[in-house]
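Inside the fold
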Amino acid sequence: MSKHRIYTTSFASVYPHYVTKAEKKGRTKSEVDEIVRWLTGYSQEELKEILENGTDFETFFAEAPQMNPSRDLIKGVVCGVRVEEIEEPTMREIRYLDKLIDELAKRKAMEKILRKPIEKI
């Protein structure tokens, strides 16, 4: 079975679509970047380099410095598929990112998107 074409697609070619989707709903590029950094552990400088050098999605996730352990809290449907039921690890990571961008576009609070625990008073 061959790999899905998204694996060889450059992250830089899809990234503007994430930003556009967010900006259409009043969110910002910096919020998109914050989500990407939260999920992958890349620094802003590393993200900038990835966007400049055409890194593909498979490499983008394979070389991520520190995938966020809280990403398994991401639940829901993207493209008609439940993200928590995707068995192939790289595709699951891609869909996690898609889900987070969807939540941003739906105007959810960043604390909820980034799965921050609610502090009890």
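Described below are features of the structure shown in this document.

Analysis parameters
Residues numbered from 1 in each chain as written. Predicted model: local features only at pLDDT ≥ 70, side-chain atom pairs only at ≥ 80, totals over all residues. Heavy atoms only, no water. Phe/Tyr/Trp six-rings, centres within 6.5 Å; stacked < 30°, edge-to-face > 60°. Helix = DSSP H or I, 4+ residues; strand = E, 2+ residues; numbered from the N terminus. Buried < 20%, exposed > 50% of the residue type's maximum accessible area, 1.4 Å probe, protein only. Expected span 1.5 Å × (residues − 1). Contact = heavy atoms within 4.5 Å.

Some words on the packing of aromatic side chains
- What the rule picks out here adds up to seven aromatic pairs.
- On the numbers, 5.4 Å between centres and 65° between planes, the contact of phenylalanine 11 with phenylalanine 57 is edge-to-face. Placement of phenylalanine 11 in helix α1 (residues 11–24) and of phenylalanine 57 in helix α4 (residues 57–62) is noted, with a sequence separation of 46 residues between them. Side by side, phenylalanine 11 and phenylalanine 57 carry an identical accessibility label, which is buried.

Some remarks on helix α2 (residues 29–40)
- Taking 1.5 Å of rise per residue, the twelve residues of α2 would be expected to cover 16 Å, and the 17 Å separating its terminal C-alpha atoms lies within 8% of that figure.
- The complete set of buried residues in α2 reads Glu31, Val32, Asp33, Ile35, Val36, Trp38, Leu39 and Thr40.
- Residues of α2 that are buried in the fold lie against α1, α3 (44–53), α4, α5 (89–105) and α6 (110–113).
- A positive backbone phi angle near 85° is found at glycine 41, which sits one or two residues after α2.

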